[in-house]
Structures are given as C-alpha cells and as structure tokens.
Amino acid sequence: MTRELTVGIGAAELTTADLVLDLGQHHPSNHGALRLALVLDGDVVVRAEPVVGWMHRGAEKLFEVRDYRQVLVLANRHDWLSAFSNEIGIALAVERMLGMEVPERATWLRTLLAELNRVLNHLMFLGTTPFEGARPFTGFAEREAVQRVMEEVSGGRLHYMLNQVGGLKQDVPAGWPVRVRRAVEGVRGVLPALQQLVDACPRGVGVLRPETALAYGVSGPVARACGVDVDLRRDDPYLAYAELAFPVVVRSDGDSWSRFACVLDQVGVSLDLVDACLDRLPGGAVNVRLPKTVKAPEGHTYAWTENPLGAMGYYLVSRGEKTPWRLAMRTASFNNVSALPALLPGVHLQDLVTVLASLFFVVGDIDK
Amino acid sequence: MSALDPVRLVLDWGPRLRLSVFDVGLACCAVEFVAASMSGQVPHAGGPGDADVLVISGTVTDKLAPAVRRLYDAMPEPRYVISMGSCANSGGPYWDSYSVTKGVDQLIPVDVYVPGCPPRPEALLHGLQQLASRVTQPAAVRPVTGSAPLVGPPGGVRGPQDLRP
C-alpha cells in the first residue's frame, strides 16, 4: 500500500506541506523553500520528485538589464554562501571576452579569497549538522574569524562585491595576511571537533552511484564522495590553481557520511591553499584601469569555476553592449538536487533529513 | 575580542515581557539571522503558533507570498513583524524582477524595517530592541501599510502605482 506525501523544507512550508522536515533552523538548506513530492511504501520512499521554483527571483533576466558592474551584485546572491566564488566566474568570462590581462597579484588574491569563501561555506554546513548530540554552532566562532578577514578586505560579511572586471576593487589592508593566518590556524584547531560531528552521521545511508551522479550532472563534493574524480581547479585550471599543488578529495562509498567527510577534508585542503597563496603572493597592482563603460565585444563564452558546492558555469552572450545579451547560469545545487529522484528511492523516511543535509544545496542556487 | 563582541547588547523586553521570535528564513538574510542567534539573545519560537514576532529574512517571491501570509495568520494576537533586509523591505536588488514581491508589507503589516543587504546581525538585534521598546510603550503606533486583507493573487493589485491607467 503506497501513500503520497508532500514534504516541505524551510519555515515557509510550515502551513502548506503535509510534513516539514526539520534540518534545524540554522541549517543553510533550510533557508528558502524546497518541496518534495514523495510516494511512500510504508516508511520507504518509492518515488521522489523535487518541486522547485519557490525562490525563483529571475536573476538571469535581470542580468540583461544590468551593466557589467551591476551584474556582479546579482551574481553574488543566488548561492549566498559562495558569494566570492560566484563573482569570479562573471569576472573571468568578461575578462576573457575583452582579452584583458589581469594583474598577477589580483589573480593570487582571488584564489586566496575563493578558498577562504570555500572554508566559510563548508563550515556553515558542517556546524549545523542535524545529527543527535551535535553541539549547535560548532566552529562558528572560528568561522566568524574568517568572516572578519573577508569583511576587512571587502566591507561585506556575506556579499563581498570585491571582484570587478580586471581585478579586485582594492588591495588588502596592511597587516591583513597576518590576521588571515591567525584565522586559518583557528579553523585548523576546530577540525577535530567537526570530525566528531561528521562521524555521528550514520553510514551507508543515501548512496549515490557514480553513474547516477554523471547522468544528472552532479558535481562538487557530492560527486567526489561517490568517486567521480572531477575538480575544475585541477581539471580546467583557472586563477592561480595551475601553479598550486593540492590533493583532490575523493571518496568511493557515495553515502551521506562520505559526503560530509569530503566536505570536511576539503576544508583542510583549502586552508593549506590559503597558506600557499599567502606564501607566494606577488606584489604589484590589483586591477587595471577600466574605461567609463565596459562593453564586452560581440560573441559568447562559457566560464566555469569549482564553487564550494560544485561546478558553477556562466554562459555569456554579448552583442557588444554594456549589458549582457544573455547570461545563463549552470548552478551546482540545481543539478545536485535533480538527482534526488534517483537517489531517494529506498531511503527510509527517518533518514531523509540526513540525506538532504548531506546534499549541500542552497535554495537560491536551485531556483536562481 | 570574541567573534560577536559588538552584538553584546542587552535586549530589555520589559518587566513581564518575553517576545518569542519566529524566523521565516528565505535567503541570504537568514544567514545573518543565524549569526544574530549566536548572541543567544533571540528567544526562538517553535512555530508561528507560539510566536510574538515574525521575522521575514529574505526575498519573498510571488509564489511564496500566500505561504508567508498564512504564517502570519497562524500567529496569535498581538503579533509583530520585522522585515529584515532590502528584499523583504522593498524587493531590494530584485526590485525589477518579474517574480519577486516588492516588499513584504504588501502582504502583512510590518512594524520594524531593518535595512541592509543583508543587514549586520547587530542591526537585527537593534530592530528587535526597537520593537521591544515600542511594545512596552502604550503609545505604540501600529503601521497601516498592508493591514487590509490580501486581495486576489499577489500578482494582482499591489499598490497605488498599479492603479494608474
């Protein structure tokens, strides 16, 4: 005997869905609204369909009436936990179309800040795990320290607006690298506590198979946790990644625990990358002088970056105007959540929270 | 200096008053709501049914608007609303989007607007303080915007600007 159930995620679903999954009020995937249409046999999921679009804000259409400075404002915001990484893709695309050489220091600083952004993103997901016995806000004080150095350089806590076409808006303040190293050390110190949180995750739950991951375009730590060894930082190097040696964190089991473990190990790798960038930070300018209006020449390009949650692609079509003709996004969360119909069948209802928390999605990144 | 030193305000809810807060976390602002919660000064409500204050933190889309309205309707009187961030205040950076509600005050009456994109956690706590002082003062004035019942679908009549020929 099967039954149908509408499951909501997020506070806004409280009065409308049959059942609201509690990922915890502080869990980043709980912000916004996502709905799952489930068919259950007893307590086991038979069929699952994500119902998306509740947070659709029309960013792609709005890009078309924003000039290339303003585009960054919106590009920041679809995945609000990866704002810096989101900016980079746009900047790279426009710079490529303009044939613009970006100063070396800007490239290294971008790499450094992108890795700090990755740490911030991952700590948010790790510190809010919905498992029993998890102390709320584990690692959040250390995360705040990283957030403070990001704020110090950009002025923003969440949406940095530090990238511009041709480099960064401004150089880092005096003494900043010292404070970054201190923040990095702080996060290193909290990694064992986070490891304990991750180990509280039940094993063997919500197994994603590598062929499913490939079929649905799953990327990022979710894909690497099931053995899909793809990381754009290594496989299609951008910024300064070609000159940096770093391990790509891959696991083979593909269950929820592996996904959490991947994310945790990536934090360690990112911290090392931050240190490496600081060691090799060249001097010089951080931007090039821009004309009053930036117009990308007629043509199109596709720029993609390894965002914290997976591959983030921007397809930019220009007709030589100061606004994009079309700027389409390929977002990591959208593809990762698309795999739910293949991933959820067989999962028990009580494991649903664990599986969803281990998919690391941001609703704005799904709905754009 | 600890992580959130500047936030160390004391929220004085008055002698007998304890306002519990329910957050409708919708977008980026919800992350800053979490940061504000870290101060331990935001008493959380389990749901809209036992909440005094509804915090709308993030972008309200036309598709979500009825759900937000229903959450408000599920609250007991007296109820208060804090609109957190530019999106909830006015649509913010999505002011010209085809799918975003241009301010949650078109759906429900708002008592305190917290500006910012997103506002700092301190700004939210300040907003809560403002609300608390207003609640404890008898001369508190209730806002009139949006106090009329929701007419038609949220995509329909929205304000005087839409009534022009």
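Rules of the game
Sequence positions are assigned chain by chain, starting from 1 and proceeding in written order. Chain labels run from A onward and ligand labels from 1 onward, assigned in the order the entries are written. pLDDT decides what is reported in this predicted model: residues at 70 or higher carry local features, side-chain atom pairs at 80 or more are listed and counted, and totals for whole chains, interfaces and linings draw on all residues regardless. Remark: hydrogens and water are excluded; side-chain values derive from all non-hydrogen atoms of the structure. Only runs of H or I of at least four residues qualify as helices and only runs of E of at least two qualify as strands under DSSP, and these elements are numbered from the N terminus. Radius of gyration: over C-alpha atoms. The globule rule applied is 2.2 Å multiplied by the number of residues raised to the 0.38 power. Residue exposure (1.4 Å probe, protein chains only): buried if accessible area is under 20% of the type maximum, exposed if over 50%, otherwise partly exposed. Here a residue-residue contact requires only that any non-hydrogen atoms of the pair lie within 4.5 Å. The protein chains shown are the only cover counted for residues, whose accessible areas, like all others here, come from Shrake-Rupley with a 1.4 Å probe. We score Asp and Glu as negative and Lys and Arg as positive, and we do not count His or the chain ends. In this description, the location of a charge corresponds to atom NZ of lysine, CZ of arginine, CG of aspartate or CD of glutamate. Only residues whose relative accessible area exceeds 30% and that form no salt bridge are eligible for patches; like-charged ones are grouped when within 9 Å, while nonpolar side chains (Val, Leu, Ile, Met, Phe, Trp, Tyr) are grouped when within 5 Å. Any carboxyl oxygen of Asp or Glu within 4 Å of a side-chain nitrogen of Lys or Arg constitutes a salt bridge here. Once two parts are put together, the accessible area they lose, assessed with a 1.4 Å probe and summed over both, is termed the buried area. Each residue gets one label: Ala, Val, Leu, Ile, Met, Phe, Trp, Tyr, Cys and Pro are nonpolar, Asp, Glu, Lys and Arg are charged, and the others, such as Gly, are polar. Two strands qualify as a pair provided that DSSP identifies no fewer than 2 bridges between them. Here an axis means a line fitted to C-alpha atoms, over the contact stretch when the element is a helix, while the angle between two N-to-C directions is reported on a 0 to 180 degree scale. Each polar contact in these results corresponds to two N or O atoms within 3.5 Å; when the atoms are within protein, one needs to be able to donate a hydrogen and the other to accept it, and residues that are neighboring in sequence are counted only if both atoms are side-chain atoms. Any helix carries an expected span of 1.5 Å times its number of residues minus one. Bend is computed residue by residue as the angle between axes fitted to the seven residues ending at the residue and the seven residues starting at it. Aromatic rings from Phe, Tyr and Trp, taking only the six-membered ring of Trp, are treated as a pair when their centres fall within 6.5 Å; an angle between ring planes under 30 degrees marks them as stacked, one over 60 as edge-to-face, and anything in between as tilted. Think of it as a cone above the ring: NZ of Lys or CZ of Arg counts as a charge over the ring if it is within 6 Å of the ring centre and within 35 degrees of the ring normal. Residue types Ala, Val, Leu, Ile, Met, Phe, Trp, Tyr and Cys, when buried and joined through side-chain atoms within 4.5 Å, form a set referred to as a nonpolar core. Note that domain bounds follow an automatic or database assignment of domains.

Assigned secondary structure in chain A consists of 14 helices and 9 strands. Its C-alpha atoms give chain A a radius of gyration of 20 Å, near enough to 21 Å, the size a compact globule of 368 residues would have. Dimensions of chain A, computed from the C-alpha atoms along their principal axes, are close to 65 × 45 × 35 Å. Going through the 368 residues of chain A one by one, you find that 64% of them count as buried. Sequence-distant contacts, at least 24 apart, represent 73% of the contacts inside chain A between residues at least 6 apart. For chain A, the exposed area adds up to about 12,900 Å²; of that, 51% sits on carbon and sulfur atoms. Charged side chains of chain A number 37 positive and 42 negative; the gap between the two group centres comes to 7 Å.

Moving on: a nonpolar patch on the surface. The grouping of Tyr302, Trp304 and Tyr315 of chain A at the surface amounts to a nonpolar patch, some 270 Å² of accessible area in total. For tyrosine 302 of chain A, the location among the structural elements is in strand β7 (residues 299-307).

We now examine the interface of chain B and chain A. Accessible area lost upon the coming together of the parts serves often as the stated size of an interface. Listed per partner, the contact involves 39 residues of chain B and 36 residues of chain A. Each partner contributes to the roughly 3,400 Å² buried at the junction of chain B and chain A, and carbon and sulfur atoms together form 64% of this total. The closest approach of N and O atoms between glutamate 151 of chain A and arginine 120 of chain B, which form a salt bridge, is 2.4 Å. At the level of elements, β1 (21-25), α1 (28-37) and α2 (65-73) of chain B are the ones that each hand at least two residues to the side of chain B that touches chain A. Take the side of chain B that touches chain A: its biggest share by element is 8 residues, from α1 of chain B. For the side of chain B that touches chain A, the per-class residue count stands at 25 nonpolar, 8 polar and 6 charged.

Our focus in this paragraph is the sheet that holds strand β4 (residues 44-51) of chain A. Residue and element names in this part refer to chain A. Judged by pairing direction, the sheet is mixed, and its 4 strands sit side by side in the order β2-β1-β3-β4 without closing on themselves. Edge strands, defined here as strands with exactly one partner in the open sheet, are β2 (19-21) and β4. In this sheet, adjacent strand axes meet at a mean angle of 30° when their direction is disregarded. Of the strand pairs in this sheet, strand β1 (residues 2-9) and β2 are connected by 3 bridges, and their pairing is parallel.

We now examine the pairing of β1 of chain A. Bridge analysis of β1 of chain A against strand β3 (residues 34-41) of chain A gives 8 bridges, and the strand direction is antiparallel. The residue of β3 of chain A that forms the bridge with threonine 6 of chain A is alanine 37 of chain A.

Attention now goes to the side chain of arginine 118 of chain A. All names here are of chain A. Positionally, arginine 118 belongs in helix α4 (residues 104-126). Classification of arginine 118 as buried rests on a relative accessible area of 1%. A polar contact of 3.1 Å, which involves the side chain of arginine 118, links it to the side chain of glutamate 115. Not counting residues up to four positions away in its chain, the partners in contact with arginine 118 are Arg233, Tyr241, Gln266, Ser270, Glu306, Asn307 and Pro308.

Residue and element names in this part refer to chain A. The tally for this structure, following the rule as stated, stands at 30 salt bridges over all chains. Between arginine 3 and aspartate 43 there is a salt bridge; the shortest N-O distance is 3.4 Å. Highlighted residues: arginine 3 in strand β1 and aspartate 43 in the loop between β3 and β4, separated in sequence by 40 residues. Here aspartate 43 falls in the partly exposed class, since its relative accessible area comes to 39%.

Now for helix α6 (residues 176-199) of chain A. All names here are of chain A. Under the 1.5 Å per step criterion, the end-to-end length of α6 is 35 Å for 24 residues, consistent within 8% with the ideal 34 Å. Along α6, the sharpest kink reaches roughly 40°, centred on leucine 191 and followed within four residues by the proline proline 192. Looking at the buried residues of α6, the elements they touch are α4, α5 (140-154) and α10 (256-280).

Residue and element names in this part refer to chain A. Examined against the element boundaries, isoleucine 9 turns out to sit in strand β1. In this structure isoleucine 9 comes out as buried when scored by relative accessible area, which is 0%. Taking the C-alpha atoms as reference points, isoleucine 9 and alanine 33, 24 residues apart in sequence, are found 5.6 Å from one another.

Let us look at the packing of aromatic side chains. Tallying each qualifying case throughout the model produces 7 aromatic pairs over all chains. Through a chain of ring-to-ring contacts, the aromatic side chains of Phe125, Phe260 and Phe360 of chain A assemble into a single cluster. Stacked on the ring of tryptophan 54 of chain A, the Lys or Arg lysine 63 of chain B has its end atom at 4.6 Å from the ring centre.

All names here are of chain A. Contact pair helix α3 (residues 83-98) / α4: the axes reach a minimum separation of 8 Å and the direction vectors enclose 145°. On the side of α3, the interface is formed by Ala83, Phe84, Ser85, Ile88, Ala91, Leu92 and Glu95, while α4 contributes Arg110, Leu113, Ala114 and Asn117. Looking at the contact of α3 with α4, its residues break down into 7 nonpolar, 2 polar and 2 charged.

Time to look at the nonpolar core. Leu38, Leu116, Trp176 and Leu344 of chain A together with Ile56 of chain B are the most contacted members of the largest nonpolar core, which totals 136 residues. Leucine 38 of chain A has contacts with Arg3, Glu4, Leu5, Val7, Val45, Arg47, Ala48, Leu344, Leu349 and Leu352 of chain A, leaving out every residue within four places of it along the chain. Of all hydrophobic cores here, the second largest spans 25 residues; its members include Phe63, Val71, Val165 and Ala303 of chain A.

For the rest of this paragraph, the subject is the sheet that holds β7 of chain A. Residue and element names in this part refer to chain A. Strand order in the open sheet formed by 3 strands is β7-β8-β9, with antiparallel pairing between adjacent strands. The strands lining the two open edges of the sheet, one partner per strand, are β7 and β9 (326-330). With strand direction ignored, the average angle separating the axes of adjacent strands in the sheet is 15°. Judged from the 9 bridges that link them, β7 and strand β8 (residues 310-318) form a sheet pairing that is antiparallel. Of the residues in β8, the one forming a bridge with glutamate 306 is alanine 311. Packed onto the sheet, α3 meets β7, β8 and β9 and runs at close to 150° relative to β7.

Residues and elements named next belong to chain A. Taken domain by domain, chain A consists of domain 1 (4-51) and domain 2 (59-367). Its C-alpha centre places domain 1 at a distance of 26 Å from the equivalent point of domain 2. Contact with domain 1, which involves 23 residues of that partner, is made by 25 residues of domain 2. Taken together, the connections running from domain 1 to domain 2 amount to 0 salt bridges. For the interface between domain 1 and domain 2, the tally reads 3 residue pairs in polar contact (both at pLDDT 80 or more). Among the secondary structure elements, those contributing two or more residues to the side of domain 1 that touches domain 2 are β1, β3 and β4. The element contributing the most residues to the side of domain 1 that touches domain 2 is β4, with 6 residues. When its residues are assigned to classes, the side of domain 1 that touches domain 2 shows 15 nonpolar, 5 polar and 3 charged.

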